[in-house]
Amino acid sequence: MTEHSNGGRTAIVIGGGLAGMLAVTALLGQADTVTVIERDRYPAGHGFRKGVPQARHLHILLSGGSLALEELLPGTLAALGEAGARSLYLPRDLLTRTATGWQRRFDERRHRTLSVTRPVLDAVVRERVLRAAAASATRVEVLEATEATGLTGDASRVTGVRVRSRGGAPGARSERELVAGLVVDASGRGSRTPQWFAELGRSAPHEETVDAGIAYATRMYRPKDPATAPDAGVNVPGWPECPRGAAYVPVEDGKWLLTLSGVRGHHPPTDPAEFTAFSATIGDPYVHELLAEAEPLSPVHGFRDTCNRRRHFERPGALPAGLLVLGDAACTFNPVYGQGMSVAALGALAVRGTLANGGGQRPRSTAEAQRAVARAVEPAWLAAVGADRPYASPDDAKAGVAERLSTWYIDRLFARAAIDPVVGAAFRDVFCLTAPPTRLVAPQIFLRTVFLPRLPGLPGPPAAVEEV
Ligand SMILES: Cc1cc2nc3c(=O)[nH]c(=O)nc-3n(C[C@H](O)[C@H](O)[C@H](O)COP(=O)(O)OP(=O)(O)OC[C@H]3O[C@@H](n4cnc5c(N)ncnc54)[C@H](O)[C@@H]3O)c2cc1C
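All of the points below concern the structure found in this document. (Residues numbered from 1 in each chain as written. Predicted model: local features only at pLDDT ≥ 70, side-chain atom pairs only at ≥ 80, totals over all residues. Heavy atoms only, no water.)

**Focus: the site of the ligand**
- Taken together, 35 residues form the shell around the ligand, and within it Glu 38, His 59, Ile 60, Arg 118 and Asp 328 come nearest.
- Between Asp 328 and the ligand, the recorded distance is 2.7 Å, taken from a side-chain N or O atom to an oxygen atom.
- Bound to the protein, the ligand loses 97% of the 1,000 Å² it would expose on its own.
- Among the secondary structure elements, those contributing two or more residues to the shell around the ligand are α1 (18–27), β9 (146–153) and α8 (340–355). (Near = heavy atom within 4 Å. Polar contact = N/O pair within 3.5 Å; in protein donor to acceptor, adjacent residues only side chain to side chain. Areas by Shrake-Rupley, 256 points an atom, 1.4 Å probe, with all protein chains shown as cover. Helix = DSSP H or I, 4+ residues; strand = E, 2+ residues; numbered from the N terminus.)

**Observations concerning empty space enclosed by the protein**
- What the rule picks out here adds up to five cavities of 30 Å³ or more.
- The computed volume of the largest cavity comes to approximately 90 Å³.
- In this structure, the largest cavity is lined by 13 residues; those nearest its centre are Gly 47, Arg 49, Pro 119, Asp 122 and Arg 126.
- Residues belonging to the lining of the largest cavity are distributed by class as follows: six nonpolar, three polar and four charged. (1 Å grid on protein atoms, 1.4 Å probe; cavity = no way out; pocket = protein on both sides within 12 Å on 5 of 7 lines; lining within 4 Å. Points joined across faces, edges and corners; volume = space filled by probe spheres on them. Nonpolar A, V, L, I, M, F, W, Y, C, P; charged D, E, K, R; others polar.)

**A few points about helix α4 (residues 118–134)**
- Helix length check: α4 (17 residues) gives 24 Å between terminal C-alpha atoms against 24 Å at 1.5 Å per residue, within 8%.
- All of the buried residues along α4 are Arg 118, Pro 119, Val 120, Leu 121, Asp 122, Ala 123, Val 124, Val 125, Arg 126, Arg 128, Val 129 and Ala 133.
- For α4, the elements touching its buried residues are α1, α2 (63–72), α3 (76–82), β8 (139–143) and α8. (Expected span 1.5 Å × (residues − 1). Buried < 20%, exposed > 50% of the residue type's maximum accessible area, 1.4 Å probe, protein only. Contact = heavy atoms within 4.5 Å.)

**Some details on the pairing of strand β15 (residues 233–236)**
- Here strand β5 (residues 94–98) runs beside β15; their pairing, made up of three bridges, is parallel. Across the sheet, the residue bridging to Leu 94 is Gly 233, located in β15. (Pairing = 2+ DSSP bridges.)

**A few points about the side chain of Ser 165**
- Residue position: Ser 165 is located in strand β10 (residues 158–165).
- In terms of polar contacts, Ser 165 uses its side chain to reach the side chain of Arg 176, at 3.5 Å.

**A few points about a nonpolar patch on the surface**
- Together, Val 441, Phe 446, Leu 447 and Phe 451 make up an exposed nonpolar region whose accessible area comes to about 410 Å².
- As for its placement among the helices and strands, Leu 447 is situated in helix α12 (residues 443–451). (Patch = residues over 30% accessible without salt bridge, like charges linked within 9 Å, V, L, I, M, F, W, Y side chains within 5 Å. Salt bridge = Lys/Arg side-chain N within 4 Å of Asp/Glu carboxyl O.)

**Remarks on the sheet that holds strand β3 (residues 60–61)**
- The three strands lie next to each other as β3-β7-β4, forming an open sheet whose pairing is antiparallel. Edge positions in the open sheet fall to β3 and β4 (86–90), since each of these has one partner strand only.
- As defined by bridge partners, β3 adjoins strand β7 (residues 111–115) across two bridges and the pair is classed as antiparallel. Looking at β7, one finds that Leu 61 is bridged to Leu 114.
- Packing of α2 onto the sheet brings it into contact with β3 and β7, and relative to β7 it is tilted by some 80°. (Axes fitted to C-alpha atoms, helices over the stretch in contact; angles between N-to-C directions.)

Purely geometric numbers; function is a separate question.
Given below as structure tokens:
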């Protein structure tokens, strides 16, 4: 771990959300103390909290993220299962309708995704991180109801964090400084690190955005008769001619989450009656029909800031010494692709790998760790911005020739994947973040994608599971 004369082997993690907790895991055994600064107080049990407003919406943990999570924190997938997380094998357990029709339901069992509400996922991960910390040589302290208000140091090095307690007596709310050898920003999509750079006399990192202008609206349901509830989740993601989508998936305790989405001009409403009516306007009536068999358990919650936004802290000179940026603070994705949590886990794994000071080698630099995080982000970023390009706003970063070609190719591959087990397997490997994008241009996949005809998918949601 990078050392600093004042901070020694101490680390501060800003944000005790998913990426922050996974950052703690990556630092266990590599720092003497880790202090987590979390603005919220954690709720008792599995409650929602203000600092993670997206938690009310459907969250799928892709297989790539599940594997990374398990590698970081062995036993977590079993603990999530015990807490009620549902395993959905793709494509068997998630019926998917795209522009060309319904996907065939191959019993492939290569990609086990997890479906559970965020409060449950976050609580299980937090509990396991703190348990792993208690068994390690690293002392971990979590300062709840404490907000990071700035970075200390200068333009070349971050030496700590300015914090302020929230609540309590007015005197207790004054700012103080905490010193550390390493600061990790894991404060999520609202990260203020670019502004804090200005206070240190640095320029903000280069930022790239591709915004499909997607809005989400989500409601929780329970099937009226569990015996007749569907045996799979349903995903109708929307396409250029019908840019409205729906995903309806089981979560813990027999509950289901329905998220409706739409690009600019097609935003789903949050009024309950209008929400139900909107579900009838997506590309297929199946989800709307299922709602007649379910009772709502919650109001409708909306969410609008869904831009793909990447801050290039990994570029030469973009990062002061002593700082690392992880999770949504570095890169956010259009949530339709379900990648953010997985990328946070893959990023933490990359950090653990590069910060390790094993084998008598010199301590690795944070710039090197940040480059490893960027490599973990890259496949998900390419997939998300490639798929969102048709909806991008004129202000967004322009697509290069390579990206335009890949958008054309992905569109063909996507259609083929719905009916072809070979192309479908490659597609899922890459979109579930278990294989690099090069898997999509392997000779067999390339030939099938480019030369085999673009056939329609199935006409209706498949009941039958197909062996492969
Ligand atoms: C609508 C929606 C749906 C999504 N669906 C999926 C999905 O299906 N699958 C998936 O993988 N991803 C999904 N995502 C992405 C996922 O929510 C994020 O990628 C993930 O939460 C990132 O974790 P994080 O820890 O970086 O940020 P967060 O989970 O947002 O946590 C940030 C933490 O930092 C704290 N904090 C913030 N500022 C400060 C401060 N100044 N001082 C102290 N603490 C601070 C907050 O209180 C919070 O605890 C979705 C996102 C959205 C918006």
